[in-house]
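Residue-level listing of the chains:
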Amino acid sequence: MAEVVGPRLYSCCNCRNHVAHHDDVISKAFQGRHGRAFLFSHAMNVIVGPKEDRQLMTGLHAVADVYCSDCRVVLGWKYERAYEETQKYKEGKFVLEKSKIVKENW
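About the cut-offs
- Residues numbered from 1 in each chain as written.
- Predicted model: local features only at pLDDT ≥ 70, side-chain atom pairs only at ≥ 80, totals over all residues.
- Heavy atoms only, no water.
- UniProt positions renumbered as here; feature names shortened; annotations may be inferred.
- Core = buried A, V, L, I, M, F, W, Y, C linked by side-chain atoms within 4.5 Å.
- Buried < 20%, exposed > 50% of the residue type's maximum accessible area, 1.4 Å probe, protein only.
- Helix = DSSP H or I, 4+ residues; strand = E, 2+ residues; numbered from the N terminus.
- Contact = heavy atoms within 4.5 Å.
- Salt bridge = Lys/Arg side-chain N within 4 Å of Asp/Glu carboxyl O.

Looking at an unreviewed UniProt entry, one finds the protein chain named Protein yippee-like, with Salix koriyanagi as its source organism. One UniProt comment on the protein chain, placed under Sequence similarities (unreviewed entry), says "Belongs to the yippee family."

Dropping the structure here:
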């Protein structure tokens, strides 16, 4: 009998709450606060904190920290607004730090 395998997911490293689908990865070449990070088109089971302007490596952005909805650990941030035209593609997208997520169903 064949094993049924679900979609490849990323989960919170602290509590294993599912936070993103592998199919929603846009880029694995982002820099987070603590090392490598992934850019996702969508995230799930997260809480988006208050928006604030933050100077990042690629310029000034309005971002909101993203927390696991179960254990409240900070996973990364959501780009709410990019002030530079070349960075507009990031708006509405999520950056999740590689050190804060683990693979599931791989």
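A. Summary view of the nonpolar core. Core analysis: the largest hydrophobic core is formed by 13 residues, its most contacted members being Tyr10, Val19, Phe40, Leu75, Leu96 and Ile101. Of all the secondary structure elements, the ones that give two or more residues to this core are strand 1 (9-12), strand 2 (18-21), strand 4 (35-40), strand 6 (59-68) and strand 8 (94-97). Apart from the residues lying within four places of it in its own chain, the contact partners of Leu75 are Cys12, Val19, Val46, Val66, Tyr67, Cys68, Val95, Leu96, Glu97 and Lys100. Formed by 8 residues, the second largest nonpolar core is a distinct cluster that contains Ala37, Leu39, Trp77 and Val95.

B. Layout of the pattern of salt bridges. Throughout the structure, instances matching the rule amount to 5 salt bridges. Notably, a salt bridge pairs Asp65 with Arg33, separated by 2.8 Å at the nearest N-O pair. Residue Asp65 is found in strand 6, and its partner Arg33 is found in the loop between strand 3 (25-32) and strand 4; the two are separated by 32 residues along the sequence. Look at Asp65 and you get buried, because its relative accessible area is 15%. On the basis of relative accessible area, Arg33 is assigned to the partly exposed category, the value being 42%. Measuring nitrogen to oxygen at the nearest pair gives 3.5 Å for the salt bridge that ties Lys88 to Glu91. With relative accessibility at 31%, the residue Glu91 sits in the partly exposed group. The network of salt bridges with shared partners includes Arg33, Glu52, Arg54 and Asp65.

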